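# A look at the structure
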Amino acid sequence: MASLYQRLGGLEAITSVVDSFVARCAGDDRINGKFERSDVTRLKKMLVDQVCDATGGPCTYTGRDMQRTHDGMAVTAGEFDALVEDLVSTLDEFEVPKAEQEELIGLLASMRGDIVEVESPETGTPLPQTYETAHALN
């Protein structure tokens, strides 16, 4: 059986989905505040590498682990759910079959405990001033 990476269409397809997903998140007032100080180039590269690596592709994810990346961001359960909704909408836009969507969402769901810090349905909460973003890519 082909890997999820192959079934998703490989690196080019994953890169296209990530580009669209990041743009969708940027336009979503429920969550875009959490990305206001992010280096978008770095964010896209890390997401592409992470999805490629996690789905059986040839990439190696070299970014911080999810707990360290999100520590101090005060991400709410509602914001996590909104991000998942944005991902599903993006996958639908690219006509990714439901079986592959569910497999990919399952990978993300397994990271929920390392990402969500506030068990609240609230969305649109500000990024705490104390949060330290990752360094920009050179």
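Check the entry above for the structure.
Numbering of residues begins from 1 in every chain and follows the order in which that chain's sequence is written. In keeping with the predicted nature of the model, local features appear solely for residues at pLDDT of at least 70, side-chain atom pairs appear and are counted solely at 80 or more, and the whole-chain, interface and lining totals rest on all residues. Only hydrogens and water are set aside when side-chain values are computed; all heavy atoms of the structure are taken into account.

## Thoughts on the overall build of the protein chain
Looking only at helices and strands, the protein chain features seven helices and zero strands. In DSSP terms, a helix is any run of H or I states spanning at least four residues, a strand is any run of E spanning at least two, and both are numbered starting from the N terminus. Seen in sequence order, the protein chain has helices and strands lined up from the N terminus as α-α-α-α-α-α-α. Taken over the C-alpha trace, the protein chain has a radius of gyration of 14 Å; the compact-globule value for 138 residues is 14 Å, and the two agree within 12%. In the protein chain, which comprises 138 residues, the proportion classed as buried is 41%. Values of accessible area rely on a 1.4 Å probe in the Shrake-Rupley scheme; residue burial ignores everything except the protein chains shown. Total accessible area on the protein chain is roughly 7,600 Å²; 52% of this is exposed by carbon and sulfur atoms. Charge assignment: positive for Lys and Arg, negative for Asp and Glu; neither His nor the chain ends contribute. Here the site of a charge means atom NZ of a Lys, CZ of an Arg, CG of an Asp or CD of a Glu. In the protein chain, the 12 positive side-chain charges and the 25 negative ones have mean positions that sit 4 Å from each other. The quantity called the radius of gyration is restricted to C-alpha atoms. Its globule counterpart is 2.2 Å times the number of residues to the power 0.38. When a residue's accessible area, from a 1.4 Å probe over protein chains only, is under 20% of the maximum for its type it is buried; when over 50% it is exposed; and in between it is partly exposed.

## Looking at the packing of aromatic side chains
Aromatic rings from Phe, Tyr and Trp, taking only the six-membered ring of Trp, are treated as a pair when their centres fall within 6.5 Å; an angle between ring planes under 30 degrees marks them as stacked, one over 60 as edge-to-face, and anything in between as tilted. All told, the structure shown has zero aromatic pairs when counted by the stated rule. Consider the ring centre and the ring normal. A charge sits over the ring if Lys NZ or Arg CZ is within 6 Å of that centre and within 35 degrees of that normal. The aromatic ring of Phe80 is capped on one face by Arg112, whose charged end is 5.9 Å from the ring centroid.

## Brief notes about the environment of Tyr131
Summarising the element assignment, Tyr131 is placed in the segment after helix H7 (112-115). On the basis of relative accessibility, which here comes to 9%, the residue Tyr131 falls in the buried class. With 62 residues separating them along the chain, Tyr131 and Thr69 place their C-alpha atoms 9.7 Å apart. Each polar contact in these results corresponds to two N or O atoms within 3.5 Å; when the atoms are within protein, one needs to be able to donate a hydrogen and the other to accept it, and residues that are neighboring in sequence are counted only if both atoms are side-chain atoms. A polar contact of 3.2 Å, which involves the side chain of Tyr131, links it to the side chain of Arg64.

## Examining helix H2 (residues 10-26)
By this rule, a helix spans an expected 1.5 Å times one less than how many residues it contains. For H2, which comprises 17 residues, the first-to-last C-alpha distance of 24 Å matches the rise-based estimate of 24 Å (1.5 Å per residue) to within 8%. When we look at burial in H2, the residues that qualify are Gly10, Ile14, Val17, Val18, Ser20, Phe21, Val22 and Cys25. In what follows, residue pairs with any heavy atoms lying within 4.5 Å of each other are defined as contacts. Here the buried face of H2 lies against helix H1 (4-8), helix H3 (40-54) and helix H5 (77-93).

## Section: the state of the cysteines
Disulfide: a pair of cysteine sulfur atoms within 2.5 Å of each other. Here the structure, examined in full by the defined rule, presents one disulfide. Disulfide pairing is shown between Cys52 and Cys59; the S-S distance is 2.2 Å. Every disulfide takes its handedness from the sign of the S-S torsion; for Cys52 and Cys59 that torsion is 80 degrees, giving right-handed. Summarising the burial analysis for this pair, Cys52 and Cys59 share the class buried.

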